[in-house]
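Listed here are the chains, written in short residue letters.
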Amino acid sequence: MDFIGKYEVFGSVRCWMYSVEWQKRGLPHAHILIWLYNKITSDEIDDVISAEIPRADVDKDLHAVIIKNMIHGPCGTLNPNSPCMVDGKCSKKYPRAFTANTITGDDGYPKYRRRSTEDGGNSVAVHMQNGVIEVDIRWVVPYSPLLSKTYRVHINVEYCNSVKSIKYISKYVNKGSDMAVFGVQPENSDRNAVQVIDEIAQYQAGRYISSNEAAWRIFSFPMHERNPAVIHLSIHLENGQRVYFTDENVLQRAFNPPSTTLTAFFTLCQEDAFARTLLYSELPSYYTWNETKKVFKRRRRGKPVDGQPGIFRENTIGRLYKCILIRMNVSIFACCWLMCLVLDLSMS
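Residues numbered from 1 in each chain as written. Predicted model: local features only at pLDDT ≥ 70, side-chain atom pairs only at ≥ 80, totals over all residues. Heavy atoms only, no water.

(A) Expanded view of the pattern of salt bridges. Under the counting rule described, the total for this entry stands at 8 salt bridges. Residues D59 and K149 are paired through a salt bridge, measuring 3.0 Å at the closest nitrogen-oxygen approach. Placement of D59 in the loop between helix 2 (45-48) and helix 3 (60-69) and of K149 in helix 4 (residues 145-151) is noted, with a sequence separation of 90 residues between them. The class for K149 is partly exposed, based on a relative accessible area of 35%. Salt-bridge contacts for E291 lead to K294; the nearest nitrogen and oxygen are separated by 2.8 Å. Shared partners join several salt bridges into a network, and the residues in it are E52, R113 and R115. (Salt bridge = Lys/Arg side-chain N within 4 Å of Asp/Glu carboxyl O. Helix = DSSP H or I, 4+ residues; strand = E, 2+ residues; numbered from the N terminus. Buried < 20%, exposed > 50% of the residue type's maximum accessible area, 1.4 Å probe, protein only.)

And the structure:
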């Protein structure tokens, strides 16, 4: 994430998010989504993402990485027992069709350039258990030459051309851990005997966590992150903030309720001249919220603000719940109530 975000290898990054998912075999992989300030146009996709086999005489290192990590399968008639085969077809839609140029506009990922061998494409021999198979670029998983050559692992890179791509990664952030259902049976029980099965008592459901994921969580490695941070700002009427109290501190809470981000903003505007120039939603970009002391403090890191010494700005976003003010004339409300009452009496 530092390689993409801080060093900006693809350009200035507006925001990003990622989620780490664990496979049943115990290996982790990350789903990453980034937004760039300067959108990649359709004629620039080929400079960032490729779906072709590089020639060994041009870039030997990249050629070796792609052949080892970015060739799908092969499956289908070449390997009917491949794990991706469902009902006799590849669930990942391989092999892909040849395309002379990258095409965008479909509701999904673009159709990347995949040139045939007659059109200048490349093919390579892949060693499998059954022997050597000749594969072409129809089996190549889209990749970034920069990332593949830097990290030398499987990194599938796609151009987000639809809102489905955003929904795809958001699903991984919120879906939770994998589940497993298992049953416990006495060792000496007769399996062939007819017995009443109490599924609630016999079966248990719980999270499925592999040893590698357990170690990941023990070391407190992040499972998912996003940037910039989004701060929820409270909004309420005067003396209408939510208060939590117990029998011991009920009087203290009633006479001296704790500050909220809204009341702290009003207090800050009385003491800080720069804060008075900001909207409530802009405050988190320049100030941090101290949850313990219930006060806003100026940021000490970030991008310096021109003409404002000691003021720094971050990309933190402030968000407010929508509030709707409803006003109703009491006399009109009373008339409506009486009308409903009369109608109800007449019907009875």
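Once the structure has been displayed, the description carries forward.
(B) View of helix 9 (residues 261-271). The complete set of buried residues in helix 9 reads T261, L262, A264, F265, L268 and C269. The buried residues of helix 9 occupy an angular sector of 155° when the element is viewed end-on, so they sit on one face. Away from its buried face by more than 90 degrees, helix 9 exposes Q270 and E271. Tucked inside the fold, the buried residues of helix 9 contact strand 10 (230-233), strand 11 (287-290) and strand 12 (295-298). (Arc of directions from axis to C-beta. Contact = heavy atoms within 4.5 Å.)

(C) How the structure looks around the packing of aromatic side chains. For the coordinates displayed, the defined rule picks out 9 aromatic pairs. An angle of 45° between the planes, with centres 5.9 Å apart, marks the rings of F265 and F266 as tilted. For F265, a relative accessible area of 9% translates into the label buried. In this structure F266 comes out as partly exposed when scored by relative accessible area, which is 47%. Through successive ring pairs, a cluster of aromatic residues spans W22, W216, F219 and F221. The ring of Y94 carries R96 above its face, with NZ or CZ at 4.3 Å from the centroid. (Phe/Tyr/Trp six-rings, centres within 6.5 Å; stacked < 30°, edge-to-face > 60°. Lys NZ or Arg CZ within 6 Å of the ring centre and 35° of its normal.)

(D) Inspection of the UniProt feature "domain: Helitron helicase-like" (unreviewed entry) in the protein chain at higher detail. Those residues carrying the UniProt feature "domain: Helitron helicase-like" (unreviewed entry) are residues 6-34 in this numbering. Helix and strand shares over residues 6-34 are 0% and 59% respectively, and the end C-alpha atoms of the span are 12 Å apart. (UniProt positions renumbered as here; feature names shortened; annotations may be inferred.)

(E) Broad picture of the environment of A64. Here A64 is to be found in helix 3. In this structure the C-alpha to C-alpha distance between A64 and R152, which are 88 residues apart in sequence, comes to 9.1 Å.

(F) A negative patch on the surface, seen in detail. A surface patch of like charges, here negative, comprises D43, E44, D46 and D47. The topology assignment puts D46 in helix 2. (Patch = residues over 30% accessible without salt bridge, like charges linked within 9 Å, V, L, I, M, F, W, Y side chains within 5 Å. Areas by Shrake-Rupley, 256 points an atom, 1.4 Å probe, with all protein chains shown as cover. Lys, Arg positive; Asp, Glu negative; His and termini not counted. Charge placed at Lys NZ, Arg CZ, Asp CG, Glu CD.)

(G) Local environment of the sheet that holds strand 9 (residues 224-227). If you trace the 3 strands from one edge of the open sheet to the other, you get 2-1-9, paired in antiparallel fashion. The sheet terminates laterally at strand 2 (28-36) and strand 9, the two strands that pair on one side only. The mean angle between the axes of side-by-side strands here comes to 10°, regardless of whether they run parallel or antiparallel. One ladder, built from 4 bridges, connects strand 1 (residues 13-22) with strand 9; its direction is antiparallel. Paired with Y18 across the strands is E225, a residue of strand 9. (Pairing = 2+ DSSP bridges. Axes fitted to C-alpha atoms, helices over the stretch in contact; angles between N-to-C directions.)

(H) Expanded view of the side chain of N249. Within the secondary structure, N249 is located in the loop between strand 10 and helix 8 (250-255). When its relative accessible area of 17% is taken as the criterion, N249 is described as buried. A polar contact of 2.6 Å, which involves the side chain of N249, links it to the backbone nitrogen of T246. (Polar contact = N/O pair within 3.5 Å; in protein donor to acceptor, adjacent residues only side chain to side chain.)

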